[in-house]
Structures are given as structure tokens and as C-alpha cells.
Amino acid sequence: MDSFSRGSGGNGSPELSTDQLIEQVKAQLAQAYAEEFLEIVREKCFDKCITKPGSSLGGSESSCISRCVDRYIEATGIVAKALFNASQ
């Protein structure tokens with residue numbers, strides 16, 4: 001048996017069922033994906049929209065970032081939908 005399918009080893013922690021383990025892994029993957037997505041969007045949109053970093057955003061920088069993030073979210077949704085449909 002591997003460490004994921006073994007019991008608690010006597011430390012008093014309840015064992016995870018296969019379904020619970022799958023849900024836990026899904027949640028961890030979703031969090032990792034969200035963190036990676038935010039890092040990519042932050043990096044790409046910052047590089048594109050902030051030409052002169054300062055203590056605050058100008059109006060054009062703020063609207064550029066907003067549009068940039070909206071485009072990345074929309075594009076990610078389109079790609080995810082296409083991948084989901086292709087897998088069926």
C-alpha cells in the first residue's frame with residue numbers, strides 16, 4: 001500500500017475514503033491552478049499596462065489592467081470549454 005491508501009498509523013486521525021481523497025486532491029489542484037492563473041495574469045497585464053510604476057495607478061493603467069484581466073478570464077473560459085468538449 002502507498003501512503004495515500006494506508007490508515008492513520010495510530011495517530012488518532014480518521015482515515016480518508018477514496019472519494020474524500022479525490023476531493024481533497026481536486027481542491028488542491030484547483031487552488032494551485034488559481035494561483036498560477038493569477039500569477040500569469042498579474043505578470044502579463046502588469047508588463048502590458050504599467051509603463052511607469054509609481055505609488056498609484058493612472059486612469060488609463062487601471063482601465064488597461066481591467067480589460068487585460070477580462071480578456072484572460074474570457075480566453076481561459078473558451079480554452080477550458082474547448083478542452084472539455086474535446087474530451088467528450
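Residues numbered from 1 in each chain as written. Predicted model: local features only at pLDDT ≥ 70, side-chain atom pairs only at ≥ 80, totals over all residues. Heavy atoms only, no water.

With respect to the overall build of the chain
In terms of regular secondary structure, the chain is built from two helices and zero strands. For the chain, with 88 residues in total, the buried portion stands at 10%. Accessible surface for the chain amounts to roughly 7,300 Å². Of this, 58% is attributable to carbon and sulfur atoms. (Helix = DSSP H or I, 4+ residues; strand = E, 2+ residues; numbered from the N terminus. Buried < 20%, exposed > 50% of the residue type's maximum accessible area, 1.4 Å probe, protein only. Areas by Shrake-Rupley, 256 points an atom, 1.4 Å probe, with all protein chains shown as cover.)

Looking at the nonpolar core
Among the nonpolar cores identified, the biggest contains seven residues, and these are Phe37, Val41, Cys45, Cys49, Ile50, Cys64 and Cys68. Secondary structure elements with two or more residues in this core: α1 (18–49) and α2 (59–86). (Core = buried A, V, L, I, M, F, W, Y, C linked by side-chain atoms within 4.5 Å.)

Let's talk about the state of the cysteines
Enumeration according to the criterion identifies two disulfides in this entry. Across a sulfur-sulfur distance of 2.0 Å, cysteine 45 and cysteine 68 are joined as a disulfide pair. Between cysteine 45 and cysteine 68, the disulfide has an S-S torsion of -85° and is therefore left-handed. You can see cysteine 45 sitting in helix α1 and its partner cysteine 68 sitting in helix α2, a full 23 residues away along the chain. We note that cysteine 45, like cysteine 68, is buried. Disulfide partner of cysteine 49: cysteine 64, at an S-S distance of 2.0 Å. Judged by the torsion about the S-S bond (-70°), the cysteine 49/cysteine 64 disulfide is left-handed. (Disulfide = S-S within 2.5 Å.)

Some details on α1
The terminal C-alpha atoms of α1, which comprises 32 residues, lie 46 Å apart, in line with the 46 Å expected from a rise of 1.5 Å per residue. Among the residues of α1, those classed as buried are Leu21, Phe37, Val41, Cys45 and Cys49. (Expected span 1.5 Å × (residues − 1).)

Some remarks on the side chain of glutamate 61
Looking at the element boundaries, glutamate 61 is found in helix α2. No salt bridge is formed by the buried glutamate 61, whose closest oppositely charged neighbour, lysine 52, lies at an N-O distance of 8.6 Å. Contact partners of glutamate 61, with chain neighbours within four places excluded, come to Cys49, Ile50, Thr51, Lys52 and Ser56. (Lys, Arg positive; Asp, Glu negative; His and termini not counted. Salt bridge = Lys/Arg side-chain N within 4 Å of Asp/Glu carboxyl O. Contact = heavy atoms within 4.5 Å.)

Here we look at the packing of α1 against α2
Look at α1 against α2: their axes get within 9 Å of each other, and the N-to-C directions meet at 140°. By the criterion of interaxial angle, the relationship of α1 to α2 is oblique. Handedness of the crossing formed by α1 with α2: right-handed. Side by side, α1 and α2 meet where Tyr33, Phe37, Val41, Lys44, Cys45, Lys48 and Cys49 of the first sit next to Glu61, Cys64, Ile65, Cys68, Val69, Arg71, Tyr72, Ile73 and Thr76 of the second. Residue composition of the contact of α1 with α2, grouped by class: 11 nonpolar, one polar and four charged. (Axes fitted to C-alpha atoms, helices over the stretch in contact; angles between N-to-C directions. Parallel < 35°, antiparallel > 145°, perpendicular 65-115°, else oblique. Left-handed = near helix turned anticlockwise from the far one by under 90°. Nonpolar A, V, L, I, M, F, W, Y, C, P; charged D, E, K, R; others polar.)

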